[in-house]
Amino acid sequence: MPIRTLIIDDEPLARDRIRALLADQQDIICVGECADGRSAVAAINEHSPDLIFLDVQMPEMDGFGVLQALPPERMPAVIFVTAYDRYAVKAFEVHALDYLLKPFDRDRFQSTLDRARSELKGSRGADATERLLSFLDTVAAGQKYLTRFVIKSTGRIFFLKACDVDWIEPAGNYLTLHVGKESHLVRGTMNAIETRLDPKKFFRIHRSAIVNIEAIRELQPWFHGEYVVVLRNGTQLTLSRGYREKLQELLGDSI
């Protein structure tokens, strides 16, 4: 099937350049062009493109604003078109997003397009959307800490505020997020998620448990310097001796 593509850039020459490079791509159908963010949101909702070339820097509503305005089910594959320097572009690479750094040549364009093709032919869907939404969450928050999780469940995608999570434990290549009596799976590791959560709000009490500080109801002394951590929902976890001093520093009191 052809790849339905939308070009979004406020510079006419940039749109012309991308359109010309796409002209000889037999599997690409250009469904439209947009010169601003608001028309881009409308066009994506109308045409449901598989792929968009999205300028990061546009007046009024930039490329990030365009994506933030879309519901998850409308999220296409994205190739960012940016004049950002190499340092800023590293953010795209870390989150597995592709980009074209202006000015770009035909070879760079082709390699980026080939990567997009591979992603679209593979099992893109929810994993790529999760990465993208996670990246946008970081951009919107203006900070490095995660403020929400993107949860995939029974064919739908929904958002979960990080502050609503009571505690986290590993589950193979996934993490189990415990929220009250409910639990949700997200892909990741304990070490990786620990670095993405605000250390003033989340604390690792054991190699297999990260806890929301606000969810802790009480600490009960246990054997050999360990403690039982009782959460607001009654869950009991172990605070191992190796993590006790760090929690003490965080609480500002001796335990």
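Shown above is the structure to which this text applies.
Note that the coordinates shown come from a computational prediction; the quantities given were computed from them, not determined experimentally.

### Describing the packing of helix 1 (residues 12-22) against helix 5 (residues 106-121)
Point 1. In the contact formed by helix 1 and helix 5, the axes pass within 11 Å of each other and the chain directions differ by 70 degrees. Between helix 1 and helix 5, the angle falls in the class roughly perpendicular. Crossing handedness for the pair helix 1 and helix 5: right-handed. For the pair helix 1 and helix 5, contact is made by Arg17, Ile18, Leu21 and Leu22 and by Arg106, Phe109 and Leu113, respectively.
Point 2. Each residue belonging to the contact of helix 1 with helix 5 can be placed in one class, and the counts come to five nonpolar, no polar and two charged.

### A word on the nonpolar core
Point 1. Membership of the largest hydrophobic core comes to 22 residues, with the highest contact counts inside it found for Leu6, Ile8, Ile52, Leu54, Val66, Leu67 and Phe80.
Point 2. Within the residue set of this core, elements represented by two or more residues are strand 1 (3-8), strand 2 (28-34), helix 2 (37-47), strand 3 (51-55), helix 3 (63-68), strand 4 (77-82) and strand 5 (98-101).
Point 3. Sort the elements by how many residues they give to this core and helix 2 lands first, with four residues.
Point 4. Counting 17 residues, the second largest nonpolar core, distinct from the first, contains Leu146, Ile168, Val179 and Met190.

### What about the sheet that holds strand 8 (residues 167-171)?
Point 1. The strand order across the open sheet formed by five strands is 10-9-8-12-11, and the pairing between neighbours is antiparallel. In this open sheet, the two strands that pair with only one neighbour each are strand 10 (182-187) and strand 11 (202-206). Across the sheet, the mean angle from the axis of one strand to that of its neighbour is 30 degrees, orientation sign disregarded.
Point 2. Here two bridges tie strand 8 to strand 12 (residues 209-212), and the two strands are oriented antiparallel to one another. The partner of Trp167 across the bridge, within strand 12, is Val211.

### Quick word on the packing of aromatic side chains
Point 1. All told, the structure shown has four aromatic pairs when counted by the stated rule.
Point 2. Judged by centre distance (5.4 Å) and plane angle (10 degrees), the rings of Phe53 and Phe109 are stacked. Here Phe53, found in strand 3, pairs with Phe109, found in helix 5; they are 56 residues apart in sequence, far enough to count as distant. No difference in accessibility class separates Phe53 from Phe109, as the two residues are buried.

Conventions adopted
Residues numbered from 1 in each chain as written. Predicted model: local features only at pLDDT ≥ 70, side-chain atom pairs only at ≥ 80, totals over all residues. Heavy atoms only, no water. Axes fitted to C-alpha atoms, helices over the stretch in contact; angles between N-to-C directions. Helix = DSSP H or I, 4+ residues; strand = E, 2+ residues; numbered from the N terminus. Parallel < 35°, antiparallel > 145°, perpendicular 65-115°, else oblique. Left-handed = near helix turned anticlockwise from the far one by under 90°. Contact = heavy atoms within 4.5 Å. Nonpolar A, V, L, I, M, F, W, Y, C, P; charged D, E, K, R; others polar. Core = buried A, V, L, I, M, F, W, Y, C linked by side-chain atoms within 4.5 Å. Buried < 20%, exposed > 50% of the residue type's maximum accessible area, 1.4 Å probe, protein only. Pairing = 2+ DSSP bridges. Phe/Tyr/Trp six-rings, centres within 6.5 Å; stacked < 30°, edge-to-face > 60°.

Everything listed here is a matter of coordinates, which is why it stays silent on function.
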